[in-house]
Structures are given as C-alpha cells and as structure tokens.
Amino acid sequence: MTVAHTLLGLLEAGPRHGYDLKRSYDERFGHDRPLHYGQVYSTLARLLKNGLVEVEAEPGAGPERKKYAITDAGVSDVAGWLAVPEKPEPYLQSTLYTKVVLALLTGYDANDVLDTQRSEHLRLMRELTRRRDGGDLADQLVCDHALFHLEADLRWLELTAARMQQLAAQVRA
Amino acid sequence: MPTEPLLTAESLHLSFGATTALDSASVQVHAGEILALMGPSGSGKSTLLHCLAGILHPDLGRVTYAGRDLTAMHDDERSALRRTEFGFVFQFGQLVPELTCLENVALPLRLGGAPRRAALRSAAAWLERLEVSDVAGKRPGQASGGQGQRVAVARALVTRPRVVFADEPTGALDTLNGERVMQLFVAAARETGAAVVLVTHEPRVAAYSDHEAVVRDGRVRAREHVR
C-alpha cells in the first residue's frame, strides 16, 4: 500500500497535521496526482487503528486539529516495506522512486533498495531467459518483450544508483 | 550443499596512481557456476576480473584458486596456470589475424605441446560445437563479428579450462548475435563443467548467470544466490 507507507515515511521527520502531510506528499510525489484530503484522513485513520501512528491531542476539534506522529511499529513497518523488493513488472518507476526518496529521508540505505530490486528483477529475467531459450518462436518473442521491459527498469535503476549522491543532496536539502 | 569455492578474492585493494580501482573487494566463485560481475563503467569490475585471473596483481588482499594462493605465485607459475586452467573471452581483438579460425582455436593446445594433427582435430570439433565450422579456413578478418566471438569462445574452451573469464563478450555484437553467442557459450561451459566469471553491464547478458555480484566504486555490493 504505497500511499500509507509514504505518509508513514514522511512522518519519520516529525509529527505533522494531515494538511502538512498532504502538502509534503504532493510536493515530492504527487506531481501528476495530488492526494485528496479525504484519502489523507482515511489513510491516517487506518494507520491509527493499526497502531502505526498516534495522535497528539491539541485544543479544538475536527480532524484538521490533530497532529499525527509515527509509532515504533510504524517505523518498523516503513523499514520492512523498503527492504522487500517490488514484484518486477513494467512501469514500476513511481513506486521505486518513492522508495528511494523515502530511504534517503529516513536514513535507510537507498542503495540497498536498488540492490534488492535489481536481484529480484534479475531472478525473473533468468527465468524468462530459460523459458525463451527452451521454447518455440512464440515463447521467444513473448519472453523477449518482457525481458526488454525489465532491462529498461534495470537501466533506470543503474542510472539512479549513479545519481544517488546528487539525489541525496537534493532530497535532504 | 556448501562446497569450497574454486576461486576466491579476499579484500582486494588496487590503485593506479591516485585512482583507487579496488577497495576491499571480495567475491567467490564455485566450480561450475556462472557469476556475473555487474556495475557501471569504471566501477572496477574488469579490474576485479583481471585480479581473479592473475593478470593484475592487487596491492593488498589475496586471490586463491583451488586452494593455491595466486598472489604469492611466481610469474611463470601464474602464466602456466592461465594457459592450462583458465580460458579468456574478450570483447574483440583476441584472435591472431594471420592465422585461420581453425588454427586460432588450435593455438592454445599447440602451446600446451599437443601434436598438430590432434590439436586441429579438437579445434574443428569445437568450431562445430559453436556452429561456425564454415569459417574454419577463413582468417578472423573474413568472419563476421558474431562468428569471430564464437571462434573466440571455442578457443577459450578448447583446453577444457576450469574457469573461463569473459569480459563483455557480446559488447560489440547486435542483440540477436549476442544472444546466440551467450546461448552457445553458456551451454558449452555447462557441458564442460567450467566456472564462468562474466563481466557485463547488460542485464540481458547477466540473466545467463547463476548469481550476480555488483561492483560499485571498487567494492562488491551484493551477491545473490539464485539456484
């Protein structure tokens, strides 16, 4: 669940109101698709129910007066999400980009995120290569298509790794 | 079942002047496995391959092959090892242009003292195995890039080495030719039981390996077990 994990990761910097959290999310990750307030508050309600965030009470009423803080369970949840590779498939960039940026923000090794993902991609590419080399022409063409897409992801991964220092400086600025 | 690695690099350091090429790089290769060394240009992956093959000498650290310390060996001993137990495939330029493709493949056997007739017979069988018998009588310059690389693979395997070192073996080939070279190369290496250390920056080439090790800034970052 990317939005929930992303909001959690952003809370690692310190407690925030739902409004601030939405703004911070939109600035970093929501260029094409800013979050709706409803989605922010429903996600926070679910995180609260699961014990991943807690509310710091403030005078006044209404959800916009609540300040949310990440719990220890929430911190472990983010670390767990960053450590597990995504299922390799085309068009993963936005999830991977989010993971890399959050890793840099939370002090997790962003290169580990890339390494874990690379090995997962290569695992699938090995499988496809074996299937292709043992298959008929139709198998070959289908597998080649998947292989080229996965290779494009990996090229993006390598480029991101090469630009990690630059990205870290920008993200942490 | 865990076995002793055939080839091990432990904490290799190597600098060229002020440039650090390897910085505590460690990696292991087991008998019969195919290991891909991946990483961006200038990451140190080729340098690591050259150290593993005993071509370059690390400033610090140790390379062990079949229980023998390669770094402590005399030059002659290392050269003999390279000739008899190791095979090499590079991106290009490794075949002797004045010899025919058949003679090129027979060359390592001849250097090892094999009689001419037996060496040529063995070379011919390897050219057939790599599906390039038709260029046997041609010089490398008359063969296509893909054919030339298959001849190079045949020459690397003709002595039945225990380790084949391949540095971007398909780097100069188009996709289809590169794939065919890799298919034939990997099948032949598996058949002879040779371990392969494969330097590549191409994921589709690395997908022929059993494991990968990623070299970045002279260090090995990850090594994944797959099989």
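Structure report, in brief. Only a predicted model underlies this, so the values are computations on that prediction, with no experimental measurement involved. (Residues numbered from 1 in each chain as written. Chains lettered and ligands numbered in written order. Predicted model: local features only at pLDDT ≥ 70, side-chain atom pairs only at ≥ 80, totals over all residues. Heavy atoms only, no water.)

**So, the overall build of chain B**
Argument step 1. When helices and strands are tallied, chain B shows 7 helices and 10 strands.
Argument step 2. A compact globule built from 227 residues would reach a C-alpha radius of gyration of about 17 Å, and chain B, at 17 Å, matches this within 12%.
Argument step 3. C-alpha extents for chain B along the principal axes are approximately 45 × 40 × 40 Å.
Argument step 4. Relative to its full complement of 227 residues, chain B shows a buried share of 52%.
Argument step 5. Contacts spanning at least 24 positions in sequence make up 69% of the contacts within chain B whose residues lie at least 6 apart.
Argument step 6. Carbon and sulfur atoms form 50% of the exposed surface of chain B, whose accessible area is close to 10000 Å².
Argument step 7. The average position of the 25 basic charges and that of the 25 acidic charges among the side chains of chain B differ by 5 Å. (Helix = DSSP H or I, 4+ residues; strand = E, 2+ residues; numbered from the N terminus. Rg over C-alpha atoms; globule rule 2.2 N^0.38 Å. Buried < 20%, exposed > 50% of the residue type's maximum accessible area, 1.4 Å probe, protein only. Contact = heavy atoms within 4.5 Å. Areas by Shrake-Rupley, 256 points an atom, 1.4 Å probe, with all protein chains shown as cover. Lys, Arg positive; Asp, Glu negative; His and termini not counted. Charge placed at Lys NZ, Arg CZ, Asp CG, Glu CD.)

**Overview of the pattern of salt bridges**
Argument step 1. With the rule as written, the count across this model stands at 26 salt bridges over all chains.
Argument step 2. Note that Asp144(A) is salt-bridged to Arg132(A), the shortest N-O span being 2.8 Å. Of this pair, Asp144(A) sits in helix H7 (residues 137-162) while Arg132(A) sits in helix H6 (residues 110-134), and the two are 12 residues apart along the sequence.
Argument step 3. For Arg132(A), a relative accessible area of 4% corresponds to the buried category.
Argument step 4. Notably, a salt bridge pairs Arg62(B) with Glu10(B), separated by 3.5 Å at the nearest N-O pair. You can see Arg62(B) sitting in strand S4 (residues 60-65) and its partner Glu10(B) sitting in strand S1 (residues 7-16), a full 52 residues away along the chain.
Argument step 5. Arg62(B) gets classed as partly exposed once you look at its relative accessible area, which sits at 40%. (Salt bridge = Lys/Arg side-chain N within 4 Å of Asp/Glu carboxyl O.)

**Considering the interface of chain A and chain B**
Argument step 1. With 20 residues of chain A at the contact, the number on the chain B side is 19 residues.
Argument step 2. Of all residues in chain A, Asp115(A), Leu122(A) and Arg126(A) bury the most surface against chain B, accounting for 30% of the area lost on that side.
Argument step 3. Counting the contacts that link chain A with chain B gives 8 salt bridges.
Argument step 4. Between Glu151(A) and Arg204(B) there is a salt bridge, with its nearest N and O atoms 2.8 Å apart.
Argument step 5. Across the chain A-chain B interface, the total number found is 10 residue pairs in polar contact (both at pLDDT 80 or more).
Argument step 6. Secondary structure elements with two or more residues in the side of chain A that touches chain B: H6 and H7 of chain A.
Argument step 7. Tallying contributions element by element places H6(A) first for the side of chain A that touches chain B, with 12 residues.
Argument step 8. Class assignment for the residues of the side of chain A that touches chain B results in 6 nonpolar, 3 polar and 11 charged. (Buried area = accessible area lost by both parts, 1.4 Å probe. Polar contact = N/O pair within 3.5 Å; in protein donor to acceptor, adjacent residues only side chain to side chain. Nonpolar A, V, L, I, M, F, W, Y, C, P; charged D, E, K, R; others polar.)

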